[in-house]
Protein chains: 2
Amino acid sequence: MAEIRILTESELRQCVGLSRELHDVIAAGFARLADPDVVMPPVLSMDLPAVNGEVDIKTAWLPGVDNFAIKVSPGFFDNPAKGLPSLNGLMVLLDARTGQVAAVMLDNGYLTDMRTAAAGAVAARFLAPEQVHTAGVIGTGLQARLQIEALLLERKVERVLVWGRDAERAERYAAEQSRVLGIPVSVAETAERLVRESQVVITTTPAREPVIRAQWLHPGLHITAMGSDSPLKNELDPQVLGDADVLIVDRLSQSLERGELRTAVSCGVMQAAIELPELSALCAGHHPGRSSQDQVSVCDLTGTGVQDTAIADYALKRALRQGLGASIIS
Amino acid sequence: MAEIRILTESELRQCVGLSRELHDVIAAGFARLADPDVVMPPVLSMDLPAVNGEVDIKTAWLPGVDNFAIKVSPGFFDNPAKGLPSLNGLMVLLDARTGQVAAVMLDNGYLTDMRTAAAGAVAARFLAPEQVHTAGVIGTGLQARLQIEALLLERKVERVLVWGRDAERAERYAAEQSRVLGIPVSVAETAERLVRESQVVITTTPAREPVIRAQWLHPGLHITAMGSDSPLKNELDPQVLGDADVLIVDRLSQSLERGELRTAVSCGVMQAAIELPELSALCAGHHPGRSSQDQVSVCDLTGTGVQDTAIADYALKRALRQGLGASIIS
């Protein structure tokens, strides 16, 4: 018999949103990844071709964090035709010392959206140049919005450029986000123009062929590629990784399997046995991140269980403090 | 926004128990494992040495079954000293066509106990000789009880023998289960005596060294080994597998990794590349199971996601029919 907190998406939206505090929570989670007691198994990935779906399960046990999350992320891509969102899911939170179920967070992917954007912000905190006049985003979906909103909490940005394959969606993004952010957001003519004019670029697409070419790189540019999270996806020309002065990944083993590194290794631009610093090293103070303002830095994010555990533990504490959610005894 | 059913352990106990119907449900689940569209990824196993714990996550998507389960099984072995059970957990049920969360079953491992016992019963249905005078069980815990109760729904058994390392626990088992089952249950002097006198033997221990020797086998014996579910466990002398006339596993890849087969292969008694029939072949009618009354048959059960999906889908339907559980909109 244990008391289990059940939290709905709307309750979670009341207690967790993008903030510097959330970025700190995610950075602290990454910092613990450097601890030898951390346990983060490979993603359990389940392809369901018969229903055009997939399920990813991520988890990480972090020493010193009271609870750990098991995050279930289904993606069912025929859902929109049925009037349902493609992405979905929940997080189960277990007590880190007893394994008892502490909470079930019926977030429909909301916490994943938040922790993904927050990881982008953490990467920018350590890797973006100090002065960011223009931030560019490739893609026009939810993460294209959230990543820029999170970035703006880390750097003072004067304007935003957006580029996407669907020009109409890009126009809509620019119009809406100008209002939301209170700074000019405009559509770049080409991805190349966007990259050349930006100091920070974030790629947020499910592209299977590169959207950024190595020839477009310029001193003082930081790129975060957060779109690729499965072996078929690829947003960066492999030579972008080869040419970067600072190349950081969220988790080396995952990046080699399902991130930009995978393509770079398969093209021979990088070695499979490469040692690269992980975002955890920056968060733990073991790596300086960007060490001069004219370096080109690249961060490849695939999404880790550390982020899920960090945000879910934080969400539970905030929910309890605010008296949100129902308790069930089982 | 979806309607999600939340079911507690006591509600699940009201709608699911051992029965021939449950055995049929588990057998039907196994039968679907022969379908090429089935998706059952390897177990996600998480060892947590810092807190003497582990978490296993199992799942299987079965064509033709409305929902599929993701089952989270934590085992935290310092819990008893804290007044908490070692085993715990829950099942999340997703709609098989949309991935939407259909139910959260806060069963504390109850459904796992039931589906494990039911798989033993299904093995006995196809493999035990028709006449079982004596059934023997090695081990004195919950599965030692449930496996025999489930077996009694499949075969008319005259008496039960029990053997365990702890003689006092074995005596208690015999006294209690005599009352529960309404047939004589007595403690065997030795494991050897138990095996030699039984037509069906079920091993239910976390043993790391064999509890059954090949010399004790005799014509017309069926053994189900359900204890080993991790690489360090081993209940059967490898030669038992080598000498069996009929050797069945629940899932070949799992048995090679975490079942009795693992030890048999590492000792050279079996080949790593061995092809063995799975329980699914018996359930689907593709393998006859026992084909004569004097064969020696052995079934190695490691526990599969198929069982979790089958029992969870069944439990949800029964709970909805009985109006059990709370609905949460999220």
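Residues numbered from 1 in each chain as written. Chains lettered and ligands numbered in written order. Predicted model: local features only at pLDDT ≥ 70, side-chain atom pairs only at ≥ 80, totals over all residues. Heavy atoms only, no water.

Enquirer: In this structure, what is going on with the interface of chain A and chain B? I would like to understand it.
Expert: By convention, interface size is frequently given as the accessible area that disappears when the constituent parts associate. Across the contact, 46 residues belong to chain A and 46 residues belong to chain B. It is Leu44, Met46 and Ser330 of chain A in chain A that bury the most area against chain B; as a group they hold 14% of the surface buried on that side. Taken together, the connections running from chain A to chain B amount to zero salt bridges. Applying the counting criterion to the chain A and chain B interface returns 12 residue pairs in polar contact (both at pLDDT 80 or more). Those elements giving two or more residues to the side of chain A that touches chain B turn out to be β1 (3-8), β2 (44-48), β3 (53-59), β4 (67-76), β5 (90-95), β6 (101-106) and β14 (326-329) of chain A. No other element matches the five residues that β4 of chain A contributes to the side of chain A that touches chain B. Of the residues in the side of chain A that touches chain B, the class split is 30 nonpolar, 10 polar and six charged. (Contact = heavy atoms within 4.5 Å. Buried area = accessible area lost by both parts, 1.4 Å probe. Salt bridge = Lys/Arg side-chain N within 4 Å of Asp/Glu carboxyl O. Polar contact = N/O pair within 3.5 Å; in protein donor to acceptor, adjacent residues only side chain to side chain. Helix = DSSP H or I, 4+ residues; strand = E, 2+ residues; numbered from the N terminus. Nonpolar A, V, L, I, M, F, W, Y, C, P; charged D, E, K, R; others polar.)

Enquirer: How should I be thinking about the packing of helix α2 (residues 20-32) of chain B against helix α3 (residues 110-127) of chain B in this particular structure?
Expert: Two measures define how a pair of helices packs: the angle their axes make with one another and the distance between the axes. Residue and element names in this part refer to chain B. Where α2 contacts α3, the two axes come as close as 9 Å, and the packing angle between them is 80°. Judged on the interaxial angle alone, α3 and α2 are roughly perpendicular. Residues Arg20, Leu22, His23, Asp24, Ile26, Ala27 and Phe30 of α2 touch α3, and the partners they reach there are Met114, Arg115, Ala118, Ala119, Ala121, Val122 and Arg125. Among the residues forming the contact of α2 with α3, the class breakdown is nine nonpolar, one polar and four charged. (Axes fitted to C-alpha atoms, helices over the stretch in contact; angles between N-to-C directions. Parallel < 35°, antiparallel > 145°, perpendicular 65-115°, else oblique.)

Enquirer: Whenever I open this one, the side chain of Asp300 of chain B confuses me. Can you help?
Expert: Residues and elements named next belong to chain B. Relative to the assigned elements, Asp300 resides in strand β13 (residues 297-300). Despite its burial, Asp300 pairs with no opposite charge; the closest candidate is Arg262, at 10 Å N-O. Polar contacts involving the side chain of Asp300 include one to the main-chain amide nitrogen of Glu260, which spans 2.7 Å. With near-sequence residues (within four places) excluded, Asp300 lies in contact with Ala225, Ile248, Val249, Asp250, Ser255, Gly259, Glu260 and Leu261. (Buried < 20%, exposed > 50% of the residue type's maximum accessible area, 1.4 Å probe, protein only. Lys, Arg positive; Asp, Glu negative; His and termini not counted.)

Enquirer: Help me out: how do you make sense of the relation of the copies chain A and chain B in this one?
Expert: The operation relating the pair of chain copies consists of a rotation about an axis and a translation along that axis. With an RMSD of 0.0 Å, the fit of chain A onto chain B corresponds to turning through 180° and sliding 0.0 Å along the axis. What the superposition gives is, in effect, a two-fold axis relating one chain to the other. Relative to the rotation axis, the closest C-alpha in chain A is found at Leu44 of chain A, a distance of 3.2 Å. Most of the interface of chain A is mirrored in chain B, where 100% of its interface residues are also at the interface. (Least-squares fit on C-alpha atoms with pLDDT ≥ 70 in both.)

Enquirer: Can you help me understand the pairing of strand β2 (residues 44-48) of chain B in this one?
Expert: Regular strands place their side chains on alternate faces of the sheet. The alternating pattern of β2 of chain B places Leu44, Met46 and Leu48 of chain B on a buried face, while none of Ser45 and Asp47 of chain B, on the opposite face, is buried. Here β2 of chain B folds back onto strand β3 (residues 53-59) of chain B, and the loop between the two strands holds four residues, one of which, Asn52 of chain B, carries a positive phi near 50°. (Pairing = 2+ DSSP bridges.)

Enquirer: Help me understand the sheet that holds strand β11 (residues 222-225) of chain A, please; the structure alone is not making it clear to me.
Expert: Pairing between the strands of a sheet comes from backbone hydrogen bonds, and it takes one of two forms, parallel or antiparallel. Residue and element names in this part refer to chain A. Strand order in this open sheet of seven strands is β9-β8-β7-β10-β11-β13-β12, and the pairing throughout is parallel. Only two strands of the sheet have a single neighbouring strand rather than two, namely β9 (185-187) and β12 (246-249). Ignoring which end each strand starts from, the neighbouring axes of this sheet average 15° apart. Judged from the four bridges that link them, β11 and strand β13 (residues 297-300) form a sheet pairing that is parallel. Paired with His222 across the strands is Ser297, a residue of β13. Contacts between helix α3 (residues 110-127) and the sheet are confined to β11, β12 and β13, with β13 contributing the most and set at about 155° to the helix. In the packing of helix α5 (residues 167-181) onto the sheet, contacts are made with β7 (132-138), β8 (157-163) and β9, and the angle to β9 comes to roughly 170°.

Enquirer: I keep staring at the pattern of salt bridges and nothing clicks. Help me out?
Expert: Any two side chains of opposite charge can pair if their charged atoms end up close together. All names here are of chain B. This model, assessed by the stated rule, comprises 41 salt bridges over all chains. In this structure, Glu154 and Arg125 form a salt bridge, with 2.9 Å as the shortest nitrogen-oxygen distance. Taken together, the residues span a long stretch of sequence, with Glu154 in the loop between α4 (142-151) and β8 (157-163) and Arg125 in helix α3 at a distance of 29 residues. Residue classification places Glu154 among the buried positions, given a relative accessible area of 9%.

Enquirer: Can you walk me through the domain arrangement of chain A in this structure?
Expert: Residue and element names in this part refer to chain A. Under the domain assignment used here, chain A contains domain 1 (3-112 + 306-329) and domain 2 (127-302). Of note, the centres of domain 1 and domain 2, computed from C-alpha atoms alone, are 24 Å apart. Facing the 15 residues of domain 1 at the interface are 15 residues of domain 2. A combined buried area of about 1300 Å² lies between domain 1 and domain 2, and 59% of that area is made up of carbon and sulfur atoms. Linking domain 1 to domain 2 there are two salt bridges. Note that Asp56 is salt-bridged to Arg258, the shortest N-O span being 3.8 Å. For the pair domain 1 and domain 2, the interface holds four residue pairs in polar contact (both at pLDDT 80 or more). When residues of the side of domain 1 that touches domain 2 are traced back to their parent elements, those giving at least two are α2 (20-32) and β3. Per-element accounting of the side of domain 1 that touches domain 2 gives the leading share, five residues, to α2. Across the side of domain 1 that touches domain 2, the residue classes break down as eight nonpolar, four polar and three charged. (Domains from an automatic or database assignment.)

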